[in-house]
Amino acid sequence: MTIAQLQAEGAAALTAGDGLPNPRREARWLLARALGQTEAWLLAHAEEPVAAATEALFRTWLSRRAAGEPAHYIVGSCPFWGRLFAVTPAVLIPRPETELIVECALTVPEPERPRILDVGTGSGCLAVTLALELPGASVAATDVSPEAVAVAAANARALGASVRFTAGDLAAHVRGEFDLVVANLPYVPADEIPGLAVEIRAHEPHVALAGGEDGADLLRTFMADLPRLLAPGGHAMLEMGPRQRAGLRAAVAASGLVEIHRGLDHAGIERVLVLRKA
Ligand SMILES: C[S@@+](CC[C@H](N)C(=O)[O-])C[C@H]1O[C@@H](n2cnc3c(N)ncnc32)[C@H](O)[C@@H]1O
């Protein structure tokens, strides 16, 4: 079959049943990855035949996608800050809004060789990106899930980043002081979990999503440890959602850290709490 024919077949398969909102776009995206080409290349080669093995792979991917599996788990990778990270169902698929932490991290003044800690590293997208963007940095990263740590360590190896990984609950097992602590901990409030898209609820790890009643449980616990982890003048950058703000106010005040800035995403939603230790 030709590229155009397979693309049409894919769009039809993804429209059937409950269907996906953008079947044509998704079919083109999957076919491009099955071929190892860009979507632009596909458009320019619409009449070319596709090898039988690629056709079979594409059909397998289509049936998985039609069954609701997230596209990035199917192809096994997701872009973050311009690099491709391997993802498995053991880790959250990195979200574009998390790049805001990188943006904030690259704009605050840091020592020449900053000591960086990433808590709840998941795929390692933050730790690896910061290690590569700040070549003098020494980076440590941790996650409660040993399976996630294995994925993150593989990403660091594949992308040539030097990061020390450990597994454990928040940073209780982490010793030493850091100039920068970043964390995208789970912050979905309990009452929002049932309403999450099935794609997220049924496929992404619950431990990467659930943040307790108001979504801020882990953030509050972690906040109490930040004064110990931060070196004087050090910064902490924590991702959160709009509903966690109020529930974090008392914890911020009790930490003695100074809130210097709130990172807003493209929709103007407050996403990153930036704190500084005096
Ligand atoms: C929202 S995901 C973020 C993953 C990654 N940092 C990212 O931005 O894509 C949260 C991560 O926190 C981890 N996590 C959940 N509870 C934790 C805990 N008590 N201690 C350490 N990590 C935890 C989860 O396993 C998951 O990998």
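Residues numbered from 1 in each chain as written. Predicted model: local features only at pLDDT ≥ 70, side-chain atom pairs only at ≥ 80, totals over all residues.

Chemist: Whenever I open this one, the site of the ligand confuses me. Can you help?
Modeler: The ligand sits among 23 residues. The nearest are Gly120, Gly122, Val144, Asn184 and Ala208. Within the shell around the ligand, the residues separate by chemical class into 14 nonpolar, seven polar and two charged. (Near = placed C-beta within 6 Å. Nonpolar A, V, L, I, M, F, W, Y, C, P; charged D, E, K, R; others polar.)

Chemist: Mind showing me how you'd approach the packing of helix H1 (residues 3-15) against helix H2 (residues 23-35) here?
Modeler: Think of two packed helices as two axes; the pair is described by the angle between the axes and how far apart they sit. Two numbers describe how H1 lies on H2: the axes approach to 8 Å, and their chain directions differ by 130°. Overall, the two elements H1 and H2 adopt an arrangement that is oblique. The two elements H1 and H2 cross, and the hand of that crossing is right-handed. Packed against H1, whose contacting residues are Ile3, Leu6, Gln7, Gly10, Ala11, Leu14 and Thr15, the element H2 presents Pro23, Arg24, Glu26, Ala27, Arg28, Leu30 and Leu31 at the interface. Within the contact of H1 with H2, the residues separate by chemical class into eight nonpolar, three polar and three charged. (Axes fitted to C-alpha atoms, helices over the stretch in contact; angles between N-to-C directions. Helix = DSSP H or I, 4+ residues; strand = E, 2+ residues; numbered from the N terminus. Parallel < 35°, antiparallel > 145°, perpendicular 65-115°, else oblique. Left-handed = near helix turned anticlockwise from the far one by under 90°. Contact = placed C-beta atoms within 7 Å.)

Chemist: Whenever I open this one, helix H10 (residues 217-229) confuses me. Can you help?
Modeler: Structural remark: α-helix, 3.6 residues per turn; residues separated by three or four positions point the same way. In a regular helix each residue adds 1.5 Å, so 13 residues correspond to 18 Å; H10 covers 19 Å between its end C-alpha atoms and thus fits that length. Listed in full, the buried residues belonging to H10 are Leu218, Leu219, Phe222, Met223, Leu226 and Leu229. Along its buried surface, H10 packs onto strand E3 (115-119), strand E6 (178-183), strand E7 (230-239), helix H11 (245-255) and strand E9 (270-276). (Expected span 1.5 Å × (residues − 1). Buried ≥ 20, exposed ≤ 12 C-beta atoms within 10 Å, placed from the backbone.)

Chemist: Got a minute to help me understand the pairing of strand E5 (residues 163-167) in this structure?
Modeler: Side-chain positions along a regular strand alternate between the two faces of the sheet. Two strands pair when backbone bridges link them, and strand E4 (residues 138-143) and E5 are joined in this way by five bridges, in the parallel orientation. Paired with Thr142 across the bridge in E5 is Thr166. Crossover connection from E4 via helix H8 (residues 146-159) to parallel E5: handedness right-handed. (Pairing = 2+ DSSP bridges. Right-handed = clockwise from strand over helix to strand, strands pointing away.)

Chemist: Whenever I open this one, unusual backbone geometry confuses me. Can you help?
Modeler: The general pattern is negative phi for most residues beyond glycine and trans for most peptide bonds. With phi around 45°, Trp81 is a residue other than glycine that occupies positive phi space. When you line up the elements, Trp81 lands in the loop between strand E1 (77-80) and strand E2 (83-86). Residue Leu170 is not a glycine yet carries a positive backbone phi of 45°. If you trace the backbone, Leu170 turns up in the loop between E5 and E6. A residue is classified by how many C-beta atoms lie within 10 Å of it, and Leu170, with 19 of them, is partly exposed.

Chemist: Please clarify how the nonpolar core should be interpreted in this entry.
Modeler: Burial of nonpolar side chains together is a common tendency in soluble globular proteins. Membership of the largest hydrophobic core comes to 62 residues, with the highest contact counts inside it found for Val181 and Leu219. When neighbours within four sequence positions are excluded, Leu219 is seen to be in contact with Leu185, Tyr187, Leu238, Met240, Gln244 and Leu248. Among the nonpolar cores identified, the runner-up in size contains 13 residues, and Ile3, Leu20, Leu31 and Leu62 belong to it. (Core = buried A, V, L, I, M, F, W, Y, C linked by C-beta atoms within 7 Å.)

Chemist: Explain the sheet that holds E5 here, please?
Modeler: Pairing in this open sheet of seven strands is mixed, and the strands run E5-E4-E3-E6-E7-E9-E8 from one edge to the other. Two strands lie at the open edges of the sheet, namely E5 and strand E8 (258-264), each paired on one side alone. When strand polarity is set aside, the average angle formed by the axes of neighbouring strands in this sheet is 15°. Direction of pairing for E8 relative to E9: antiparallel, over a ladder of six bridges.

Chemist: Explain the packing of H10 against H11 to me, please; I cannot follow it from the model alone.
Modeler: As a packed pair, H10 and H11 sit with axes 9 Å apart at the nearest point and diverge in direction by 10°. As the angle between them shows, H10 and H11 are arranged roughly parallel. Contacts from Leu219, Arg220, Met223, Ala224, Leu226 and Pro227 in H10 reach Leu248, Ala251, Val252 and Ser255 in H11.

Chemist: Please explain the domain arrangement of the chain as it appears in this structure.
Modeler: Put simply, an interface is often sized by how much accessible area is lost when its parts join up. What the domain assignment lists for the chain is domain 1 (3-67) and domain 2 (77-276). For domain 1 and domain 2, the distance between their C-alpha centroids amounts to 34 Å. (Domains from an automatic or database assignment.)

Chemist: So what exactly am I meant to see when it comes to the pairing of E7 here?
Modeler: The buried fraction of E7 amounts to seven of the 10 residues, a majority that puts the element mostly inside the structure. Of the pairings in the sheet, the one linking E6 to E7 comprises five bridges and is parallel in character. The residue of E7 that forms the bridge with Val181 is Ala236.

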